[in-house]
Amino acid sequence: SGRYILYFVDKRLYRFEPCPPQSLSVALALPPGQYSVQTFEPKTGMTVDLPLLHNAGSIRLDVPLFSEDVAVLLERAG
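About the thresholds
Residues numbered from 1 in each chain as written. Predicted model: local features only at pLDDT ≥ 70, side-chain atom pairs only at ≥ 80, totals over all residues. Heavy atoms only, no water. Patch = residues over 30% accessible without salt bridge, like charges linked within 9 Å, V, L, I, M, F, W, Y side chains within 5 Å. Areas by Shrake-Rupley, 256 points an atom, 1.4 Å probe, with all protein chains shown as cover. Salt bridge = Lys/Arg side-chain N within 4 Å of Asp/Glu carboxyl O. Helix = DSSP H or I, 4+ residues; strand = E, 2+ residues; numbered from the N terminus. Buried < 20%, exposed > 50% of the residue type's maximum accessible area, 1.4 Å probe, protein only. Pairing = 2+ DSSP bridges. Axes fitted to C-alpha atoms, helices over the stretch in contact; angles between N-to-C directions. pLDDT = per-residue confidence, 0-100.

Draft legend 1. Region of the structure containing a nonpolar patch on the surface. The grouping of Tyr7, Val9 and Tyr14 at the surface amounts to a nonpolar patch, some 330 Å² of accessible area in total. Assignment of secondary structure puts Tyr14 in the loop between β1 (3-9) and β2 (22-29).

Draft legend 2. Molecular detail of the pattern of salt bridges. In this structure the tally under the stated criterion is four salt bridges. Taking the shortest distance from any N to any O, the salt bridge between Asp10 and Arg12 comes out at 2.7 Å. A relative accessible area of 26% means that Arg12 is categorised as partly exposed. Ionic pairing is found between Glu68 and Lys43, a salt bridge with its closest N-O pair at 3.3 Å. Taken as a pair, Glu68 in the loop between β5 (58-66) and β6 (69-76) and Lys43 in the loop between β3 (33-40) and β4 (47-55) lie far apart in primary sequence, 25 residues in all. When its relative accessible area of 59% is taken as the criterion, Lys43 is described as exposed.

Draft legend 3. Quick peek at the sheet that holds β4. The strand order β1-β6-β3-β4 describes an open sheet built from four strands, whose pairing is antiparallel. Where the open sheet ends on each side, the last strands, each with one partner, are β1 and β4. Between one strand axis and the next, the sheet turns through 20° on average, direction left out of account. Pairing between β3 and β6: six bridges, direction antiparallel. Within the sheet, the bridge partner assigned to Thr39 lies in β6 and is Val72.

Draft legend 4. Summary view of the confidence of the model for the chain. Taken residue by residue, the chain gives an average pLDDT of 91. The fraction at 70 or more is 97%. Per-element confidence in the chain ranges from a low mean pLDDT of 91 for β5 to a high of 95 for β6.

Draft legend 5. Here's a closer look at the pairing of β6. Two strands pair when backbone bridges link them, and β1 and β6 are joined in this way by seven bridges, in the antiparallel orientation. Looking at the pairing, Phe8 lines up with Val70 of β6.

Right under this line is the structure:
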């Protein structure tokens, strides 16, 4: 359907330790095309629209700073 949800959790969250802000760079293998990208922070409810991804097979997704956990929605554009 062209929709993907990625969920990243800092493992320190499960040990009840402080989770300092961090960013990620993740390699993805998606069908070719353009994808809109949005992050969602469950703790705050804040969403951030990221630049379109232009993919021809594999690509790197840069997730901006988050603390504890973050969801990323990728949706095929067009």
